[in-house]
Amino acid sequence: ILGGPEVGSISLDVLKKHPYIDAIVKSEGEVPLSEIIEVFKCSDDLSLVKGISYRDGDELHENMNAIIMSDLNSLPSPHNDKYGTFDKRFICLETQRGCVFKCSFCFYNKDYSIRNRRFDLTRVKAEILYWLKKDVSQIYLMDPIFNLHGERAKEILRFIIEHNTNKVQFHTEIWAEFVDEEMASLFSEANFTFIEVGLQTTDENALTTVERKLRTEPFIRGIQNLTKFNLRIEVQLIFGLPG
């Protein structure tokens, strides 16, 4: 069973080319995958599982789309002792899903009617605190844009500062335009040792073609704020964009 945005939109092609694949989840994985497992317990009829493509002998089928999960907090947390030990591990943790922007080179929720959904802050803090009490090497807040909501991001950063007594390293991806000096200072205090910043291009024609937003002056100010606190930044570019 495969999943993820890279295969979801071309699921039938992938099934056709690779006969060892049984099914592909086209959307968010938690609900369709659990339903696939329930089906496999008693039969092999995947026709009623929404949001997947699958193989039935020599025939390939693509089912109707799954319903978009509007309340992420209905999902059980994967950050739990019963899933094994994680000493010295690199931990991936979501505080939100999706992106409000529509850059055409990006896979994030292209066809979703709900473009950004957030986990409740109480849950986010509990999951971060869970790992801060473990012997992990790094925590990656894997949101498309961690600081999409500025005050929410600052609240999470203050929580990390308060509880990160072991100086666990943090890593995330941000939008530079949204970084003021206070936020940059909080990133530093919270021990963010690696911050990814997507610039992609400064060419106006290419930006228009790929529907990418860039406010150059706020971007530069954001980078300057980050460098004031000696934060390690990776500014990313995409070579070969149209134009």
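Scope of this entry: the structure provided in the associated data block. (Residues numbered from 1 in each chain as written. Predicted model: local features only at pLDDT ≥ 70, side-chain atom pairs only at ≥ 80, totals over all residues. Heavy atoms only, no water.)

**Observations concerning the overall build of the protein**
From N to C terminus, the protein includes 8 helices and 11 strands. Considering only C-alpha atoms, the protein reaches an extent of 60 × 50 × 30 Å along its principal axes. Buried positions account for 42% of the 243 residues belonging to the protein. At a minimum sequence separation of 6, the contacts of the protein that also span at least 24 residues come to 68%. Total accessible area on the protein stands at roughly 13600 Å², and carbon and sulfur atoms take up 51% of it. (Helix = DSSP H or I, 4+ residues; strand = E, 2+ residues; numbered from the N terminus. Buried < 20%, exposed > 50% of the residue type's maximum accessible area, 1.4 Å probe, protein only. Contact = heavy atoms within 4.5 Å. Areas by Shrake-Rupley, 256 points an atom, 1.4 Å probe, with all protein chains shown as cover.)

**Things to note about helix H6 (residues 181–189)**
Of all the positions in H6, only Met183, Ala184, Leu186 and Phe187 are classed as buried. Considered in projection along H6, the buried side chains sweep an arc of 160 degrees and stay on one side of the axis. Taken together, the buried residues of H6 touch helix H5 (150–163), strand E9 (169–174), strand E10 (192–200) and helix H8 (216–228). Once H6 ends, the next one or two residues include Asn191, with phi positive near 70 degrees. (Arc of directions from axis to C-beta.)

**What to know about the pairing of E10**
Buried residues dominate E10, accounting for 7 of its 9 residues. One ladder, built from 5 bridges, connects E9 with E10; its direction is parallel. By the bridge assignment, Phe170 is partnered in E10 with Phe192. Here E10 runs beside strand E11 (residues 233–237); their pairing, made up of 5 bridges, is parallel. Opposite Glu196, over in E11, you have Glu234 as the bridge partner. (Pairing = 2+ DSSP bridges.)

**Let's talk about a nonpolar patch on the surface**
On the surface, a nonpolar cluster with roughly 340 Å² of combined accessible area is contributed by Ile1, Leu33, Ile37 and Phe40. Residue classification places Phe40 among the partly exposed residues on the basis of a relative accessible area of 41%. (Patch = residues over 30% accessible without salt bridge, like charges linked within 9 Å, V, L, I, M, F, W, Y side chains within 5 Å. Salt bridge = Lys/Arg side-chain N within 4 Å of Asp/Glu carboxyl O.)

**Re unusual backbone geometry**
Within the chain, Gln200 stands out as a residue other than glycine whose phi angle is a positive 75 degrees. Here Gln200 is to be found in strand E10. Residue Gln200 is classed as buried on the basis of its relative accessible area of 11%.

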